[in-house]
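Listed here are the chains, written in short residue letters.
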Amino acid sequence: MPSFPYETVDVFTDKPFGGNPLAVFTDARGLTDAQMQALAAEMNYSETTFVLPSDDPANDARVRIFHRTAEMPFAGHPNVGTACVLARHGRDRNGVLRFEQMAGLVEIAVERDATGAVTGAVIAAPQALSLGIALPVDGIAACAGVQPADIVTAAHEPVQASLGVKFVLAQIAPEALTRAAPDLAAFRRLERQHAKLQGRLSLFLYARDGNRIRARMFAPLAGTWEDPATGSASATLGALLLSLDGGDEAAYTITQGVEMGRASLLNVTSRRAEDGYRSRVGGACAPMFRGEVSL
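Below or above, wherever it landed, is the structure these notes cover. Keep in mind the model is a prediction, meaning the values are calculated, not measured.

### Quick notes on the overall build of the protein
Summing up its helical and strand segments, the protein has six helices and 18 strands in all. The principal-axis extent of the C-alpha atoms belonging to the protein is close to 55 × 40 × 35 Å. Summarising the internal contacts of the protein: among those between residues at least 6 apart in sequence, 63% fall at separations of at least 24. Looking at charge distribution, the protein has the averaged site of its 27 positive side-chain charges lying 1 Å from that of its 32 negative ones.

Listed below in structure tokens is the structure:
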């Protein structure tokens, strides 16, 4: 009976039992697509990763990312957490890891303390900012369980955006962010009304105080009622804000997961590049459990 080792980490926190949990299968050779999906559902984390040999020897691994119901082309906390796990096994090259993924190549810089211990990682999102459809304020408010007046539209309408994976980004009044709660029926209704969403409706709500941001992310259609830390959405938000504010570069500090009791801290740097607006996102990572699965 073949066995497959895995490790779990808490990402975007330096403390156990905070941040966003992640399961990493460090050698997924021999697992089928169906088994990977079943294991991700069984783990019941926001995402689970499966590490495979890279197609190009210049890269370090091919990393597949699954949430509870489907595979993802790219995601933030899975890349940070997987990089930390592999770096603790000595699989980085001079502090850098390069992961092949569906959305493109993801480069990760490993962070270490003065003793050389891995403390976290910073990833570069694989694509420049792209914008999709705008969504109606009343529909977004219904999804979040708030009033339409709570959605702030001075800077932008609720809009679908991506740096490799799509989110709907919406600014919300600070007091409304705390009391927001996903309404599954409203999510289903809004998704049915907009074919361009292609079945994906992950809502990233944020309240802004300059470059300090509080955020929450709801994706009940994908099985994630609320996500404690969403690196890819945070990176996308940074790129969007820079494009709206102007300038060549900006840094943002994003706090998420507070309402869930899993406080997370994400550091985003965004810049204007030749092909558009790009972002990096990073944070700490706390090791948790080790085990193996026999199938």
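### Description of the packing of aromatic side chains
The full count for this structure, using the stated rule, is three aromatic pairs. Here the aromatic rings of Phe25 and Phe50 are separated by 5.0 Å at their centres, their planes lie at 15 degrees, and the arrangement is stacked. Here Phe25, found in strand β2 (residues 20-25), pairs with Phe50, found in strand β3 (residues 48-52); they are 25 residues apart in sequence, far enough to count as distant. Summarising the burial analysis for this pair, Phe25 and Phe50 share the class buried. Note on Phe50 and Phe66: the rings are 5.6 Å apart at their centroids and 85 degrees apart in plane angle, and the pair reads as edge-to-face. Taken together, the positions of Phe50 in strand β3 and Phe66 in strand β4 (residues 61-66) put the pair 16 residues apart, joining distant regions of the chain.

### Describing the nonpolar core
Within the largest apolar cluster, 57 residues are counted, with the highest numbers of intra-cluster contacts made by Phe99 and Ile108. Broken down by element, this core gets its largest block of residues, seven residues, from helix α6 (residues 231-245). Sequence-distant contacts of Phe99, that is, excluding residues within four places in its chain, are made with Ala61, Val63, Asn79, Thr82, Ala83, Leu86, Gly104, Leu105, Val106 and Ile108. In terms of nonpolar packing, the next biggest core, distinct from the first, is built from 25 residues, Ile133, Val137, Ile172 and Leu190 among them.

### So, the pattern of salt bridges
Overall, the coordinates contain 16 salt bridges when judged by the stated rule. Of the charged contacts, one joins Arg64 and Glu71 as a salt bridge, the two residues approaching to 2.9 Å between their closest N and O atoms. Accessibility expressed as a relative area gives 27% for Glu71, which makes it partly exposed. Each of Arg214, Arg216, Glu226 and Glu259 takes part in salt bridges that share partners, so that together they form one network.

### Some remarks on the packing of helix α3 (residues 137-144) against helix α5 (residues 184-193)
Where α3 meets α5, the closest approach of the two axes is 7 Å, and the angle between their N-to-C directions is 150 degrees. Between α3 and α5, the angle is such that the two are roughly antiparallel. Pair α3 / α5 crosses with left-handed handedness. Within the contact between the two elements, α3 uses Gly139, Ile140, Ala142 and Cys143 and α5 uses Ala186, Phe187, Arg189 and Leu190. Residue composition of the contact of α3 with α5, grouped by class: six nonpolar, one polar and one charged.

### As for the side chain of Ser270
Topologically, Ser270 is positioned in strand β17 (residues 264-273). Among the polar contacts made by the side chain of Ser270, one reaches the side chain of Ser279 at a distance of 2.7 Å. Ignoring any residue separated from it by four or fewer positions in sequence, one finds Ser270 in contact with Ala235, Gly238, Ala239, Leu242, Asp248, Glu249, Ala250, Tyr252, Arg278 and Ser279.

### A short note on the side chain of Arg64
Note on placement: Arg64 falls in strand β4. Given a relative accessible area of 13%, Arg64 falls into the buried group. Within the local environment of Arg64, its side chain forms a polar contact with the side chain of Asp33, the two groups lying 2.8 Å apart. Here the side chain of Arg64 touches Glu71 through a polar contact of 2.9 Å, side chain to side chain.

### Describing the pairing of β2
Across the six residues that make up β2, a large majority, six, are buried. The handedness of the β2 to β3 crossover, carried by helix α1 (residues 33-43), is right-handed.

### Observations concerning the state of the cysteines
As enumerated under the stated definition, the model contains zero disulfides in all. Of all cysteine sulfurs in the structure, the one in Cys84 sits closest to Cys285, which takes part in no disulfide; the separation is 3.8 Å. On the accessibility criterion, Cys285 (4% relative accessible area) is buried.

### Considerations on α3
Along α3, six of the eight residues are buried, which leaves the element largely enclosed by surrounding structure. Considered for burial, the residues of α3 that qualify are Val137, Gly139, Ile140, Ala141, Cys143 and Ala144. On the buried face of α3, the contacting elements are β10 (151-152), β12 (166-172), α5 and β13 (203-209). Positive backbone phi, at 70 degrees, marks Gly145, one or two positions downstream of α3.

### As for the pairing of β12
Most of β12 sits inside the fold, with six of its seven residues counted as buried. Alignment of strand β11 (residues 159-162) against β12, held across four bridges, turns out to be antiparallel. Residue pairing in the sheet places Gln160 in a bridge with Val168 of β12. The hairpin formed by β11 and β12 contains three residues between the paired strands, and Gly164 there has a positive phi angle of roughly 145 degrees. Here four bridges tie β12 to β13, and the two strands are oriented parallel to one another. Residue Gln171 lies in a different strand from β13, and its bridge partner there is Tyr206.

Analysis parameters
- Residue positions are given per chain, counting from 1 as you read along its sequence in written order.
- Restriction of local features to residues with pLDDT of at least 70 applies here, the model being predicted, together with a cutoff of 80 or more for giving and counting side-chain atom pairs; totals for whole chains, interfaces and linings are based on all residues.
- Only hydrogens and water are set aside when side-chain values are computed; all heavy atoms of the structure are taken into account.
- Each helix corresponds to a stretch of at least 4 residues labelled H or I by DSSP, and each strand to a stretch of at least 2 residues labelled E; elements are numbered beginning at the N terminus.
- When checking whether two residues touch, look at their non-hydrogen atoms; a contact exists if any pair is within 4.5 Å.
- We score Asp and Glu as negative and Lys and Arg as positive, and we do not count His or the chain ends.
- By convention, the point assigned to a charge is CZ for Arg, NZ for Lys, CD for Glu and CG for Asp.
- Here a pair means two rings of Phe, Tyr or Trp (six-membered ring of Trp) with centres within 6.5 Å. Their orientation is stacked below 30 degrees between planes, edge-to-face above 60, and tilted elsewhere.
- To sort residues, take the accessible area from a 1.4 Å probe on protein chains only and compare it with the maximum for the residue type: under 20% means buried, over 50% means exposed, and anything in between is partly exposed.
- Nonpolar cores are built from buried Ala, Val, Leu, Ile, Met, Phe, Trp, Tyr and Cys residues. Side-chain atoms within 4.5 Å join them into one set.
- Any Lys or Arg side-chain nitrogen found within 4 Å of a carboxyl oxygen on Asp or Glu counts as a salt bridge.
- Lines fitted to C-alpha atoms define the axes here, with helix axes fitted over just the stretch in contact, and angles between the N-to-C directions of these axes take values from 0 to 180 degrees.
- When describing relative orientation, an angle under 35 degrees is termed roughly parallel and one over 145 degrees roughly antiparallel, while 65 to 115 degrees is termed roughly perpendicular and anything else oblique.
- For any helix crossing, the convention is left-handed if the near helix is rotated counterclockwise from the far helix by under a right angle, and right-handed if that rotation is clockwise.
- For this classification, Asp, Glu, Lys and Arg are treated as charged, while Ala, Val, Leu, Ile, Met, Phe, Trp, Tyr, Cys and Pro are nonpolar and the rest, including Gly, are polar.
- The definition of a polar contact used here is a pair of N or O atoms within 3.5 Å, where within protein one atom must be able to donate a hydrogen and the other to accept one, and adjacent residues in sequence count solely through side-chain atom pairs.
- We call a crossover right-handed when, viewed with the strands running away from us, the connection from the first strand over the helix to the second turns clockwise.
- Any cysteine sulfur atom paired with another within 2.5 Å is treated as part of a disulfide.
- Between any two strands, at least two bridges found by DSSP are needed for them to pair.

These figures come from the coordinates and say nothing about function on their own.
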